[in-house]
Structure formats: structure tokens, C-alpha cells
Amino acid sequence: MMSMMLAALALAQSPTTFPSTETRSESPRSMLTEVRLGSYYPWVDRPLDCTPGSCPYQSILGGAMLLVELEVERELFQAFGTASLGASLGYAEKYGHASTTDGSTGEATGLRILPMKAIASYRWDWLAHKHGIPLVPYLKFGFQVVHWWVMKGNQTESVGTAAGAGWSYGLVGAGGLSFMLDPLDPRLARDFDTGMGVNHTYLFAEFNIAEVNNFGAKKLNSAGVAQPATLDLSSRYAMFGIAFEY
Amino acid sequence: MSLALSLVPLLAAGQLGVVTLDINQASEISIGADDCGTSKTGTWTVAFTGYACSSLSLWVTQGDCGDAIATGDLKIADIAQSAINANRSQSSTVSIAIDKLPAFAAAAADGGAVCGSAGVEVDHKFCAAVSVYTDLTCFTKSTVRATTPVTIHYDTKAPGAPSVSAEALDSAAAVTVSYDSDTESLDVQARIQGEEEFVTLGQLASPNTNKTIDGLENGVTYEVQAIAYDSVGNASEASAIATVTPRKSSGFWESCVAAGCNNGGCSTTPAALGLATLAAMLLLRRRVRR
């Protein structure tokens, strides 16, 4: 992050700084598409009645998932920054081994998730557009629905009548910093806009806060004990990606 | 004379005509014991700009085709020179008796294997050749051979026995098979230990090596074997038997439920809400303030 800022300052002070929108004739921009990757460790074990080391996610699946997401935003306000509404779709999976009373077997079992978000975002790109400083901080807030299902072998696992598949929903937020790539090669950036209509290209890093547990809803089991109503897919995680504004 | 000499370079094979062959529209066929006593229909096609200076000779040999039928080869047909020249682009069919293929004729003479004998694997070539020239003087002839002779692969040799290993799963078994390159498919069979008959529970096609057998009973020992088949359908010896006893295992969901997980009742409400929101985003057409 520090190197990103230093690079931005150097570019801002150099004689070849990115031309402002006042001198550069660019095509209208109204959309933004992001592709991002990140290491996502769902807090499935958090609300469960288990001791550390024996909790199901930790003991069977063990580690973080590689989460891949595609997000599309519609820009609604472009004055002092850009405000947008958008939607995203992602996918991640994590596999481990099923277990028996005398240890784990070679049979694969895994959790697959399909997160879907509705997002409102605000990007403070005023500095980039007016003063050529190619750093764009941003905030996002939204609602997330995650379809999840559990595999065992090549089938969705069930326990009695409880299918290992369901939905979790909740709120998500993210804060990040985008680095506008255009100043690195202004001519290529102009050509990208002229030829493809892509005004700006960014690399970005963001930190996500997700509370996806049906707002903490509980369900009573047959013994009258309150249990989480669904898988807790909350987490705190970083994502990295590339964005195209067009 | 000077004209003839000037034409010599043009007499290279392929420039005055083409002969093509196929059997059942293929350039290679595989046959087995079941084909003994039957015939295959071969098709020859000629397309000449020059003229035939000999009959079109069709034969089957065990070695390379060469330019003419050789001792021991099976003569299939001689299409008369006049018939070829009467129509220099034509096609017709001939019959090839499998029983009379050269390998069996030689073997029979020696008192050896005949068509249908087990353990035989031999290739034959269906060949054709004809002499051609630019005109009917046939002053200097060249030989046009079939562009691609058809390979007749006779095979009654069974593939090697495969080997099998089986891993216990929950109410299932993961079977891994290894086999030789001659194998085209396999039957995976199982029986409860102590029973007589194996039951085929699945097929594998090369190059796959893994098969999961579902529907087994935990705690019961099963014996698993495989039989390999080559492209002709020759069956191998059965593999050595592998034993496997499926056993109950807990996947992530079962462990999770034991610790208190629920699936939210599989309510479609949040899904519908989420999807409706996404759809609303995509349908948004509000103009952007510039």
C-alpha cells in the first residue's frame, strides 16, 4: 500500500502526469466492472458448540478458500467522486477428507459457496480526475446472499432429512484503494478509450467485512437448544483485483 | 520422339491419376473371430487425367503393398484396362473374404492357425496399383498405387489382464484399474465375499482408470475384479480380486450438524430477495449525470 502511494506521488509530481479530464477528451463513463480474488476463511465454526481443534470447518476443511468474484456497477453520480450501484457474483470451494471413527478416509468432502451481492459504492476519484493523482479510495456497502452446499463424494451430503445445502444472508462492507494505471502509459490509455470505450483501468486492494449469518438468527433443536439457523459465512478478508471503468 | 522425351518429367506418379481405397469408408478396420466366414466390402475409386496401361490390380498382402501382387498375396480383382479407360473417373466395390486372408492361407498350409484361432494378431493391407500414361500409346508407363492402403487388423489376441485396487467409501467403493495399451474398455464387477457370481456394476472406457461403485452396504466385504476388452471385443482374463469393505464416514455436513449447523430450512426467500435486487440493478436505466 505504501509503495502504491509513493508511486502515485511520484507520478503526480512528474512532468508527464496524467492529463486531467479538462484537457483530455474522453468518452462518457457509466459502468465499472471488477474481477477480484482473495483468500476467504468463513467463520462457520464461530457460533458452533465445539472446542477449538475439533470444530468442523477447522478440522475437516482446514483453511481459507480462494474466492473469485465478478462485479458490475452502474455509476449514478459523477461530481465530487463517483457513486454507484452494482451487483456481484462469486464462487469458492474448499475440500477436505471425510472422517471415520478411526481417522480420515480418502473420500472427499467440501463446502462450495456462491456469493451474490447488491452493492452501493462511493469512489473518491476527484483527485485522479482533477489533479492527476492516480489513487482512488473507495467504500462499499451492501447486502449479500450466499448459496452454499456441501459435497461428499460426488453428491450433496445429507444427514437424515437435512440436506447439506442452504442460504445465508447478511450485510457486507469494504474499504479499498485503487491505483489508476492510465498514467503509466497515457497513450495506451487513450487508445483503450478510443478503441474499446474503457476510460480508466485500476488495480485495487480492499478489505472486506462480511456478517453473513441471517443476522444471527437461531433455531431450536429437538432438545430445545438454540443453534445457528444457517452456516455463518461471516469473515474479514482482503481482496485484490482489476477494474475497468467505461 | 522429342515430344515423348519432353513429356517424361510429367510422368511422375500422382500426376496422371489417383487411386483411393476404403473398407466401410474407413482406412483401417479391426476384425476378430466373429468375422471369420464373412466378407468385407472394399471400395476402389479412380480419377485419371491419363490413361490406364494395365488392368487395375487389387490385392491383400501381409507386408508392404509394392507395385504389384506378390506370391502369397490374396488377389481380390483385376479391373480390365479397357473398363478403366472407358470411364476414367469411376468407383466400384469388391468383396474380401476374411477366411482367405494371406496369414490364414499360409498358416493353413503349414497346419497352423486358421481364421478364428485364438491368440492371433496380424495386419494386412488392401492394395491397388495400375500403370498409366498420358495417352494410349503407353510409351512410358508409371505406376499409380492406392494413396492410402487400407489396414485390416485381425485380432483374436486378448488384452492383458488388468489390475484392480479398491478403496472403501461410505456405502461405495472407489475402484482404480490399470491396464495395457491394447485395452479399449473394461467391465468392473463385484460380488459379496463368499458368493459365486460376479455382477457387472459399471463400464470404463480407455483412458479412464477410476470408477465409483455406489449402492454398497457398509460393513459388508465385497470382492472386485475387472475384465478388459480390446477394440475387437476380445476379453482378457479377469484381474486379480481386490476386496473392500465400505464403512460409514462423516463428511463436513454431518460433522457440522453434530456441532449445531442448520441449513436455514432451505428458504427461498433470501434467494429471491437477492436475485430480485440483482435484477433491479441490471435493469436500472437512470441517466448518468455528466
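Rules used in this analysis
- Residues numbered from 1 in each chain as written.
- Chains lettered and ligands numbered in written order.
- Predicted model: local features only at pLDDT ≥ 70, side-chain atom pairs only at ≥ 80, totals over all residues.
- Heavy atoms only, no water.
- Helix = DSSP H or I, 4+ residues; strand = E, 2+ residues; numbered from the N terminus.
- Buried < 20%, exposed > 50% of the residue type's maximum accessible area, 1.4 Å probe, protein only.
- Contact = heavy atoms within 4.5 Å.
- Areas by Shrake-Rupley, 256 points an atom, 1.4 Å probe, with all protein chains shown as cover.
- Pairing = 2+ DSSP bridges.
- Axes fitted to C-alpha atoms, helices over the stretch in contact; angles between N-to-C directions.
- Disulfide = S-S within 2.5 Å.
- Core = buried A, V, L, I, M, F, W, Y, C linked by side-chain atoms within 4.5 Å.
- pLDDT = per-residue confidence, 0-100.
- Phe/Tyr/Trp six-rings, centres within 6.5 Å; stacked < 30°, edge-to-face > 60°.
- Lys NZ or Arg CZ within 6 Å of the ring centre and 35° of its normal.
- 1 Å grid on protein atoms, 1.4 Å probe; cavity = no way out; pocket = protein on both sides within 12 Å on 5 of 7 lines; lining within 4 Å.
- Points joined across faces, edges and corners; volume = space filled by probe spheres on them.
- Nonpolar A, V, L, I, M, F, W, Y, C, P; charged D, E, K, R; others polar.
- Buried area = accessible area lost by both parts, 1.4 Å probe.
- Salt bridge = Lys/Arg side-chain N within 4 Å of Asp/Glu carboxyl O.
- Polar contact = N/O pair within 3.5 Å; in protein donor to acceptor, adjacent residues only side chain to side chain.

A.B. asks: Describe in detail the overall build of chain A, supporting the description with residues and values.
C.D. replies: The helix and strand inventory of chain A stands at four helices and 13 strands. Burial status across chain A gives 50% buried among its 246 residues. Residue pairs in contact within chain A that sit at least 24 positions apart in sequence constitute 72% of those at least 6 positions apart. Carbon together with sulfur atoms contributes 64% to the accessible area of chain A, which is approximately 10900 Å² in total.

A.B. asks: Outline the sheet that holds strand 12 (residues 172-178) of chain B, listing residues and values.
C.D. replies: All names here are of chain B. Strand order in the open sheet made by the three strands is 11-12-15, with antiparallel pairing throughout. Both edges of this open sheet fall to strand 11 (163-169) and strand 15 (210-214), since each of them pairs with a single strand only. Pairs of neighbouring strands in the sheet enclose a mean axial angle of 25°, with direction left out of account. Two strands pair when backbone bridges link them, and strand 12 and strand 15 are joined in this way by five bridges, in the antiparallel orientation. Of the residues in strand 15, the one forming a bridge with Ala 173 is Ile 213.

A.B. asks: Give a description of the sheet that holds strand 17 (residues 242-244) of chain B that names residues and reports values.
C.D. replies: Residues and elements named next belong to chain B. Read across the open sheet, the four strands follow the order 14-13-16-17; overall the sheet is antiparallel. The open sheet is flanked by strand 14 (199-205) and strand 17, the only strands paired with a single partner. Averaged over neighbouring strand pairs, the angle between their axes works out to 30° when direction is ignored. Looking at chain direction, strand 13 (residues 185-192) and strand 14 are connected through six bridges and run antiparallel. Bridging from a neighbouring strand, Gln 189 pairs with Thr 200 of strand 14.

A.B. asks: Describe in detail the state of the cysteines, supporting the description with residues and values.
C.D. replies: Residue and element names in this part refer to chain B. Scanning the model with the defined rule gives five disulfides over all chains in all. The disulfide bridge from Cys 65 ends at Cys 127, spanning 2.0 Å between sulfur atoms. Linking Cys 65 and Cys 127, the disulfide has an S-S dihedral of approximately -75° and is accordingly described as left-handed. Separated by 62 residues along the polypeptide, Cys 65 in the loop between strand 5 (56-61) and strand 6 (74-79) and Cys 127 in strand 8 (residues 121-133) bring together distant segments of the chain. The exposure classification of Cys 65 matches that of Cys 127, with both residues buried. Along chain B, the cysteines that take part in disulfide bonds pair up as 1-4, 2-6, 3-5, 7-8, counted in sequence order.

A.B. asks: Tell me about the nonpolar core, residues and numbers included.
C.D. replies: Among the nonpolar cores identified, the biggest contains 37 residues, and Trp 44, Leu 56, Leu 58, Ile 76, Leu 101 and Phe 126 of chain B are the most heavily contacted of them. Sorting elements by how many residues they give to this core places strand 8 of chain B first, with five residues. In this structure, Leu 67 and Ala 92 of chain A together with Phe 252 and Cys 261 of chain B belong to the second largest nonpolar core, which totals 27 residues.

A.B. asks: Go over the confidence of the model for chain A with me, naming the residues and quoting the values.
C.D. replies: Taken over all residues, the pLDDT of chain A has a mean of 89, while the share at 70 or more is 90%. Note that residues 14-22 of chain A has pLDDT below 50 and, in this model, 17 contacts with residues that lie over four places away or in other chains.

A.B. asks: Can you explain the packing of aromatic side chains? Please cite residues and give values.
C.D. replies: Here the structure, examined in full by the defined rule, presents twelve aromatic pairs over all chains. Where Tyr 57 of chain A meets Phe 252 of chain B, the ring centres are 6.1 Å apart and the plane angle is 85°; that geometry is what we call edge-to-face. On the criterion of chain membership, the pair formed by Tyr 57 of chain A in helix 2 (residues 56-61) and Phe 252 of chain B in helix 4 (residues 252-258) is interchain, its members lying in two chains. Of the two residues, Tyr 57 of chain A and Phe 252 of chain B, neither departs from the other in class, the shared state being buried. A network of ring pairs unites the aromatic residues Tyr 41 and Tyr 57 of chain A together with Phe 252 of chain B as a single cluster. Looking at Arg 123 of chain A, its charged tip hangs above the ring of Tyr 138 of chain A, at a distance of 4.9 Å from the centre. Its end group placed over the ring of Tyr 51 of chain B, Arg 88 of chain B keeps NZ or CZ at 4.0 Å from the ring centre.

A.B. asks: Account for the layout of surface pockets, with residues named and values stated.
C.D. replies: Where empty space is left in the structure can be found by rolling a water-sized probe over the atoms. Of the volumes computed, that of the largest pocket is approximately 360 Å³. Secondary structure elements with two or more residues in the lining of the largest pocket: strand 4 (103-123) and strand 6 (155-156) of chain A together with strand 11, strand 12 and strand 15 of chain B. Ranked by residue count, the leading element in the lining of the largest pocket is strand 4 of chain A, at three residues. When the residues that make up the lining of the largest pocket are grouped by side-chain class, the tally is four nonpolar, nine polar and six charged.

A.B. asks: Tell me about the environment of Ala 205 of chain A, and name the residues and values.
C.D. replies: All names here are of chain A. Relative to the helices and strands, Ala 205 is located in strand 10 (residues 200-212). Ala 205 sits 169 residues away from Arg 36 along the chain, and the two C-alpha atoms are 8.9 Å apart. Beyond its immediate stretch of four places on either side in the chain, Ala 205 contacts Tyr 138, Gly 175, Gly 176, Leu 177, Met 239 and Phe 240.

A.B. asks: Go over the interface of chain B and chain A, please, and point to the residues and values.
C.D. replies: Facing 36 residues of chain B, the contacting portion of chain A comprises 54 residues. For the pairing of chain B and chain A, the buried interface totals around 3800 Å² over both sides, and the portion due to carbon and sulfur atoms is 63%. Counting the contacts that link chain B with chain A gives one salt bridge. With a closest N to O distance of 2.5 Å, Lys 152 of chain A and Asp 170 of chain B form a salt bridge. Linking chain B with chain A are 17 residue pairs in polar contact (both at pLDDT 80 or more), by the criterion used here. Of all elements in the fold, only strand 11, helix 4 and helix 5 (269-283) of chain B reach the threshold of two or more residues within the side of chain B that touches chain A. The leading source of residues in the side of chain B that touches chain A is helix 5 of chain B, at eight residues. Taken together, the residues that form the side of chain B that touches chain A break down as 16 nonpolar, eleven polar and nine charged.

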